[in-house]
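Close look at the chain arrangement
Below, each chain spelled out in residue letters.
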Amino acid sequence: MKSHVMPANTQVRLSSRPVGMPSVENFVLADAPIPSLSAGAVLVETLYLSLDPYMRGRMSEAKNYAASIDIGDVVVGSAVGCVIDSEDPSFKPGEIVESPSGWQSYAVVQGASLRRIDPNLAPISTSLGVLGMPGLTAYFSTLSVGRPMPGDTVVVSGAGGAVGQLAGQFAKLAGCRVVGVAGSDRKAAYCRDQLGFDAVVNYKTASNLKEAIAQACPRGVDVYLDGVGGSISAAVNENLALHARVVIFGQISQSNLSSPEVGPVSMRYMLTSRARVEGFIVSDWQSRNHEALTRISSWLRAGSVKYSEHIVEGLENAPAAFIGMLSGDNLGKTLVKVR
Ligand code: NDP
C-alpha cells in the first residue's frame, strides 16, 4: 500500500449459524487491518452494500448451489465502491466499481473480479439493483425463459421486491396483463399505482389465495415468475393456463424454515396444464449481460421502467437490515449506505 493513512477496516462477521430467521446475535462487528496489495489486487472502499436473499443460504451449513461461509468469516456480498489503491494497471484510484467486497468498509479484491461503473450513466447504487444482478435476473427470467406473448397473463411473486418489481414491468413492456403477489398493501399499491401492474394480491390478507389469484387472472396464468415458492406457488399453480411457463428463480418462503414446508403437492396442475417448468440462475446468462443492461438502461432513460430502493445507513446496521429484508420491510432493492 502506498502512503495513505487508512482507518481500521470495520467488518461484519458471522458469529453463529442462524436457526430459522437470523437474529442480530448471529453477527459480530470487528476491526481488522487492511492487507497490503499483491500484483493484480485492488483496494476498494465500500460505498453501498447489497443485501440479497441468497446470503441466508450461505450462512447455513445445508448443501446449497454455492458454498457456505464459516463462522468468523466476513459475510459475503456485492458492493459498489471506490478504488483507493491498485496493483492492477486497468484500475485507477477514484474509479467506481462493483466488487465482491462482503460486509466490510474496505476490501482487497482481484481486479479481474471488478466491474467498472460509469457514475455519469445512473446513480451508482443502481449497479446493485436495476442495473445489476436483480435487473439481470428479472430480465432473463421474464423475457428469455418465461417468453411472454402479448396478451398473456403473467403472475410475479415477491412483486414488491428488487427482482419482482422489475420482472412485472418487463412483462408489461412485453404487452402482458401483470398480476403481482406481495405481502403488504403498501407494496400492492406501489406496484399498481406507480409501476402499472394490473392487479396485486396481498398473500397475507387474502382469505383464499387460490380464489384471489383466480379472480385476478380470469383466463388463467400463462407465465408464473416465482421468487418465493411454498403455499403461494401452490395457489398460483392451481390457476395455470394451458401450456403455461413456470420460471422458478427463488424459494425465499423456504429459506428460514428449520425443516422444509411439505405444502400441497401441485404437480398435477403441471401435468394437466402441460406446463413447462424451468429453474433459473442468473450467472448462467452472463454472456448476454451487456445486451440486457443496454436495454434496461434505455428503458430507464425513456422513463418506461422505474425502480425503488430501501436504503439503510451504516455498516453496523447491515444485520438488522438483512433481517428486515427477509421479513418484508423493503420496497424494492435493499442497500446499506456505508459511506
Ligand atoms: P426482495 O427484494 O424481493 O426481498 C425479499 C422479499 O421476500 C421480502 O421483501 C418479502 O416480501 C418476501 N418474502 C419473505 N419471506 C416470504 C415468505 N415466507 N413468503 C413470501 N414472500 C416472502 O428480494 P430479491 O428481489 O433480491 O429476491 C427475490 C427472490 O429472487 C429471492 O428468492 C432470491 O433468492 C431470488 N433471486 C434469485 C436469483 C437467481 O439467479 N436465481 C438472483 C436474484 C434473486 P413480502 O413483503 O412480499 O413478503
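Residues numbered from 1 in each chain as written. Predicted model: local features only at pLDDT ≥ 70, side-chain atom pairs only at ≥ 80, totals over all residues. Heavy atoms only, no water.

1. Description of the domain arrangement of the protein chain
Stated formally: Segmentation into domains, and thus their bounds, comes from an automatic or database assignment. We call two residues in contact when some of their heavy atoms are within 4.5 Å. Note on definitions: buried area is the accessible-area loss of two parts on being combined, 1.4 Å probe, summed for both. In this text, helices come from DSSP runs of H or I with a minimum length of four residues, and strands from runs of E with a minimum of two, each type numbered from the N-terminal end.
Segmenting the protein chain into domains produces domain 1 (9-129 + 307-337) and domain 2 (133-283). Listed by partner, the interface residues are 21 residues for domain 1 and 16 residues for domain 2. Around 1400 Å² of area is buried between domain 1 and domain 2 when both sides are counted, 56% of it from carbon and sulfur atoms. Considering only the side of domain 1, the residues that lose the most area to domain 2 are Gly129, Tyr307 and Leu331, jointly responsible for 31% of the buried surface there. Listed by contribution, the elements that provide at least two residues to the side of domain 1 that touches domain 2 are helix H1 (54-59) and helix H9 (318-327).

2. So, unusual backbone geometry
Filter applied, for reference: With a 1.4 Å probe rolled over the protein chains alone, any residue whose accessible area is under 20% of its type maximum counts as buried; one over 50% counts as exposed, and the rest are partly exposed.
The phi torsion at His243 lies on the positive side, around 60 degrees, for a residue other than glycine. Here His243 lies in strand S12 (residues 240-248). At Arg274, a position not held by glycine, the phi torsion is positive, near 55 degrees. When its relative accessible area of 54% is taken as the criterion, Arg274 is described as exposed.

3. Focus: helix H3 (residues 162-173)
What counts, and what does not: A helix's residues, less one, multiplied by 1.5 Å, set its expected span.
In this model H3 runs 17 Å from its N-terminal to its C-terminal C-alpha over 12 residues, within 8% of the 16 Å that 1.5 Å per residue would give. Along H3, 10 of the 12 residues are buried, which leaves the element largely enclosed by surrounding structure. Within H3 the residues assigned to the buried category are Ala162, Val163, Gly164, Gln165, Leu166, Ala167, Gly168, Gln169, Phe170 and Ala171. Once H3 finishes, Gly175 follows within two positions and takes phi at roughly 90 degrees, a positive value.

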